[in-house]
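Observations on the three-dimensional arrangement
Here's the letter readout for the chains.
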Amino acid sequence: MPPKKKNAKNDEDLGAMRAARFGRVKNNLSMGFVGLPNVGKSTLTNLLAGASHAEAANYPFCTIDPNVVQCVVPDQKFTYLAKTYKPPSVVPAILKVVDIAGLIRGASEGAGLGNAFLSHIAAVDGIFHLVRAFESDEIVHVDDSVDPIRDLETIQGELCLKDIDTLGKVLENEKNRIRKEKGIARSAEPPLTELFQNAYDKCEELLKSNTPVQTGEFNSAEVEMIKDWGLITTKPQVYVVNLSKKNFIRKGSKWLGKIQEWVQSHGGGQIIPMSCEFEQELFDLKDDPAAQQAYLDECTKEAQDMGLKGPQFVVKSVIPRLIRSGRTALCLQSFYTAGPKEVRAWTIQQGTLAPQAAGVIHTDFEKGFIKAEVANFDDFKAHHEGAASMAKVKEAGKYRQEGKTYAMQEGDIVVFMHNTSKSKK
């Protein structure tokens, strides 16, 4: 695998923010697995559905239906608060993930599940683009051979073709709107606004080069316009590469460098190498933590026997990273409420102001918002001296009051003060 750039994390965050600008402003956003048949989507979805996290021991973990799951978001801060307060109820943050049926070449024209497949993609807010980079005589590839680059071209091509078709309809609808508004004959070519024409031309150029619209450069007015066009490729994407167990352990494959080059030449994006084979074997030992650790140690020793040593070759599950990457792609973050009865992680979008965050708990809290009493998690951990209270944090001057213009930060522990009489009006 090619070495990471020093600023890879910043690049990923910037890419996520760029993609999320086209998204819906909601707190219950979802990611969807997209890929060809037999690449591991259902296996990975099932692994996410059964992902066992200590902080969710008494959380009613559920599968919404056979292809939609809610994944508990791994969160060390939340776990720390739960262990500190030891409440009877703990409610972690979750990420909804959809297993979208396999796409085949020609889906944009109705082949296979065709339009149903594309409508399922339209219903999610971000995409896990899963590609197969493992050989198997037992699992047949839809195109009879393993070639992740060809598969990437197929999936991206079908999404872009669908968007090109959508873009044509958007153009025709805009022309008809202007004709009607200005009383122009149907045979006449109506004048398009500069804003519309610029946004349209940029989208068309990207799509014809098989590049997602979300990677393009647009001003804020163009973004607001494009939001209403219903383009699939405006959704943030995370590329997930399903390797064989052996290649996952050795952190290498003949395909990873080629995939990196392809992704960079098609707008960039985060790439997560993983192995469904490895993850399934690890998951099957879930009822025996000691056996799980022994399995991980065995895999790490296998890497060492190949001369691969160092912390980067310590083998561990990628499932937690995958879940967190989905949240990052959707620009979601958590704040916490903590007390003797319950510790809960609440999901909001980055940039959410305090009154709107209060509204996630209850709409009355937003309507009657007075102030937010806030302590950052790091300050709480540094000063609470083991106590399940904010007393020591207050003594240290790290407990503050924030007003209506405060933008919530990742890891805020909050108590919202609200006027109950105002909220009932």
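Remember, it's a predicted structure, so these values are computed and weren't measured experimentally.

Here we come to the overall build of the protein chain. On a plain count of helices and strands, the protein chain comes out with 17 helices and 13 strands. In the protein chain, buried positions account for 48% of the 425 residues. Restricting to contacts in the protein chain with at least 6 residues of sequence separation, those with at least 24 account for 71%. Taken as a whole, the protein chain presents about 20700 Å² of accessible surface, with 51% of it coming from carbon and sulfur.

Attention now goes to unusual backbone geometry. With a phi angle near 60 degrees, Asn-210 is a residue other than glycine that sits in the positive phi range. Looking at the secondary structure, you find Asn-210 in the loop between helix 6 (194-208) and helix 7 (220-227). Judged by its relative accessible area of 13%, Asn-210 falls in the buried class. Phi is positive for Cys-331, which is not a glycine, with a value near 55 degrees. For Cys-331, the position within the fold is in the loop between helix 12 (319-329) and strand 9 (332-338).

Below, the discussion takes up helix 9 (residues 256-265). Every buried residue belonging to helix 9 is among Leu-256, Ile-259, Trp-262 and Val-263, and all of these are buried. In a view along the axis of helix 9, the buried residues occupy a sector of 120 degrees, so they form one face of it. Contacts made by the buried residues of helix 9 are with strand 6 (126-132), helix 5 (148-182), strand 7 (237-242) and strand 8 (270-274). In the stretch just after helix 9, Gly-267 is the one whose phi turns positive, near 100 degrees.

A few words now on a nonpolar patch on the surface. A cluster of nonpolar side chains, namely Ile-370, Val-415 and Met-417, defines an oily patch on the protein surface of about 230 Å² accessible area. Looking at where Met-417 falls in the secondary structure, it is placed in strand 13 (residues 412-418). Of the residues examined, Met-417 reaches a relative accessible area of 32% and is grouped as partly exposed.

This part takes up the confidence of the model for the protein chain. Do not read the fine detail of predicted coordinates wherever pLDDT is low. Looking at the protein chain, the pLDDT average stands at 85 and 83% of residues meet or exceed 70. The low-confidence segment residues 11-15, where pLDDT is below 50, has 3 contacts with residues more than four positions distant or belonging to other chains. Low pLDDT, under 50, characterises residues 52-65; the stretch is placed with 35 contacts to residues that sit more than four places away or in other chains.

This part covers the packing of helix 6 against helix 7. To describe two helices that pack against each other, one gives the angle between their axes and the distance between the axes. At a minimum axis separation of 10 Å, helix 6 and helix 7 run at an interaxial angle of 75 degrees. Taken together, helix 6 and helix 7 sit at an angle that is classed as roughly perpendicular. Of the residues in helix 7, those in contact with Leu-195, Phe-196, Asn-198, Ala-199, Lys-202 and Cys-203 of helix 6 are Ala-221, Glu-222, Met-225 and Ile-226. Residue composition of the contact of helix 6 with helix 7, grouped by class: 7 nonpolar, 1 polar and 2 charged.

The next subject is the side chain of Asp-99. Relative to the helices and strands, Asp-99 resides in strand 5 (residues 94-99). Lys-41 provides the closest opposite charge to the buried, salt-bridge-free Asp-99, at an N-O distance of 5.1 Å. Of note is the side chain of Asp-99, whose polar atom sits 2.7 Å from the side chain of Ser-42. Setting aside residues up to four positions removed in sequence, Asp-99 forms contacts with Phe-33, Lys-41, Ser-42, Thr-45 and Asn-67.

Moving on, we get to helix 10 (residues 276-283). Here helix 10 has its buried residues at Cys-276, Phe-278, Glu-279 and Leu-282. Viewed end-on, helix 10 has its buried residues packed into an arc of 160 degrees, placing them on one side of the element. Contacts made by the buried residues of helix 10 are with helix 2 (41-49), strand 7, helix 8 (245-249), strand 8, helix 11 (289-305) and helix 12.

With that out of the way, let us pick up the side chain of Asn-210. Of the polar contacts made by the side chain of Asn-210, one reaches the side chain of Glu-153; its length is 2.7 Å. Sequence-distant contacts of Asn-210, that is, excluding residues within four places in its chain, are made with Glu-153, Gln-156, Gly-157, Cys-160 and His-266.

Grouped together as the largest cluster of nonpolar side chains are 65 residues, with contacts concentrated most on Leu-44 and Leu-48. One finds Phe-22, Val-213, Val-223 and Trp-229 within the second-largest nonpolar core, a separate group that totals 17 residues.

Our next topic: the environment of Leu-322. Following the sequence through the fold, Leu-322 ends up in helix 12. Overall, the relative accessible area of 1% leaves Leu-322 in the buried class. When the C-alpha positions of Leu-322 and Val-73 are compared, they lie 9.7 Å apart, and in sequence the two are 249 residues distant.

Where side chains of opposite charge bring their charged atoms close, a pairing between them can arise. Scanning the entire structure with this criterion turns up 16 salt bridges. Put simply, Arg-177 and Glu-174 hold a salt bridge, and the shortest N to O gap is 2.9 Å. With Arg-177 and Glu-174 both in helix 5, this residue pair falls 3 residues apart, about one helical turn. Take Arg-177: its relative accessible area is 39%, and that puts it in the partly exposed class. Residues Arg-400 and Asp-412 are paired through a salt bridge, measuring 3.9 Å at the closest nitrogen-oxygen approach. Of this pair, Arg-400 sits in strand 12 (residues 400-402) while Asp-412 sits in strand 13, and the two are 12 residues apart along the sequence. For Asp-412, a relative accessible area of 0% gives the class buried. Taken together, the shared-partner salt bridges connect Glu-174, Arg-177 and Glu-181 into one network.

Here we come to the pairing of strand 1 (residues 30-34). Within strand 1, 5 of the 5 residues are buried, which leaves it mostly tucked inside the rest of the structure. Residues Ser-30, Gly-32 and Val-34 point to one face of strand 1 and Met-31 and Phe-33 to the other, with burial holding for every one of them. The pairing of strand 1 with strand 5 spans 4 bridges and is classified as parallel. Considered in strand 5, the bridge of Ser-30 is made with Lys-96.

Procedures and definitions
Residues numbered from 1 in each chain as written. Predicted model: local features only at pLDDT ≥ 70, side-chain atom pairs only at ≥ 80, totals over all residues. Heavy atoms only, no water. Helix = DSSP H or I, 4+ residues; strand = E, 2+ residues; numbered from the N terminus. Buried < 20%, exposed > 50% of the residue type's maximum accessible area, 1.4 Å probe, protein only. Contact = heavy atoms within 4.5 Å. Areas by Shrake-Rupley, 256 points an atom, 1.4 Å probe, with all protein chains shown as cover. Arc of directions from axis to C-beta. Patch = residues over 30% accessible without salt bridge, like charges linked within 9 Å, V, L, I, M, F, W, Y side chains within 5 Å. Salt bridge = Lys/Arg side-chain N within 4 Å of Asp/Glu carboxyl O. pLDDT = per-residue confidence, 0-100. Axes fitted to C-alpha atoms, helices over the stretch in contact; angles between N-to-C directions. Parallel < 35°, antiparallel > 145°, perpendicular 65-115°, else oblique. Nonpolar A, V, L, I, M, F, W, Y, C, P; charged D, E, K, R; others polar. Lys, Arg positive; Asp, Glu negative; His and termini not counted. Polar contact = N/O pair within 3.5 Å; in protein donor to acceptor, adjacent residues only side chain to side chain. Core = buried A, V, L, I, M, F, W, Y, C linked by side-chain atoms within 4.5 Å. Pairing = 2+ DSSP bridges.

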